[in-house]
Amino acid sequence: MTMLDLAVIAAQEIDPKGNQSIGWLAGLYTLGLCIVVGLLLWSFTKMAKKARQPWEGEDQDVQRPEDDPPAR
C-alpha cells in the first residue's frame, strides 16, 4: 500500500465500536444471495426426492446384489 492509500484510510471516519452500516447495495446483494441459495437448496431437495422414486417400468421389489447380506 502506498502512503496515499494509508492517508485515505486514516482520514475516513471509522466508528471505534465497529457499528458501520453495510449500505443499501451490499444489503441488497446479501439478501439476493440468501434468496438464491434458498432456491438452490429447495431445488436440490426436490430433485433428491425425485431421484429416490423408481423409474417408469422399474420394479420396486427387486433385490440388488449389494443389498444381500454378506456370506459367511
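The structure reproduced in this document is the subject of the present report.

Calculation criteria
- Residues numbered from 1 in each chain as written.
- Predicted model: local features only at pLDDT ≥ 70, side-chain atom pairs only at ≥ 80, totals over all residues.
- Heavy atoms only, no water.
- Helix = DSSP H or I, 4+ residues; strand = E, 2+ residues; numbered from the N terminus.
- Buried < 20%, exposed > 50% of the residue type's maximum accessible area, 1.4 Å probe, protein only.
- Areas by Shrake-Rupley, 256 points an atom, 1.4 Å probe, with all protein chains shown as cover.
- Patch = residues over 30% accessible without salt bridge, like charges linked within 9 Å, V, L, I, M, F, W, Y side chains within 5 Å.
- Salt bridge = Lys/Arg side-chain N within 4 Å of Asp/Glu carboxyl O.
- Expected span 1.5 Å × (residues − 1).

The next subject is the overall build of the protein chain. Scanning the protein chain for helices and strands turns up 2 helices and 0 strands. Here the protein chain holds 72 residues, and the buried ones make up 0% of them. As displayed, the protein chain offers around 7,700 Å² of accessible surface, 63% of which is attributable to carbon and sulfur atoms.

Here the focus is a nonpolar patch on the surface. Together, Leu28, Leu31, Ile35, Leu39 and Trp42 line one region of the surface with nonpolar side chains, adding up to about 560 Å² of accessible area. Mapped onto the elements of the fold, Ile35 is located in helix H2 (residues 24–52).

Attention now moves to H2. Helix length check: H2 (29 residues) gives 42 Å between terminal C-alpha atoms against 42 Å at 1.5 Å per residue, within 8%. Of all 29 residues that make up H2, 0 are buried, and the element is exposed over most of its length.

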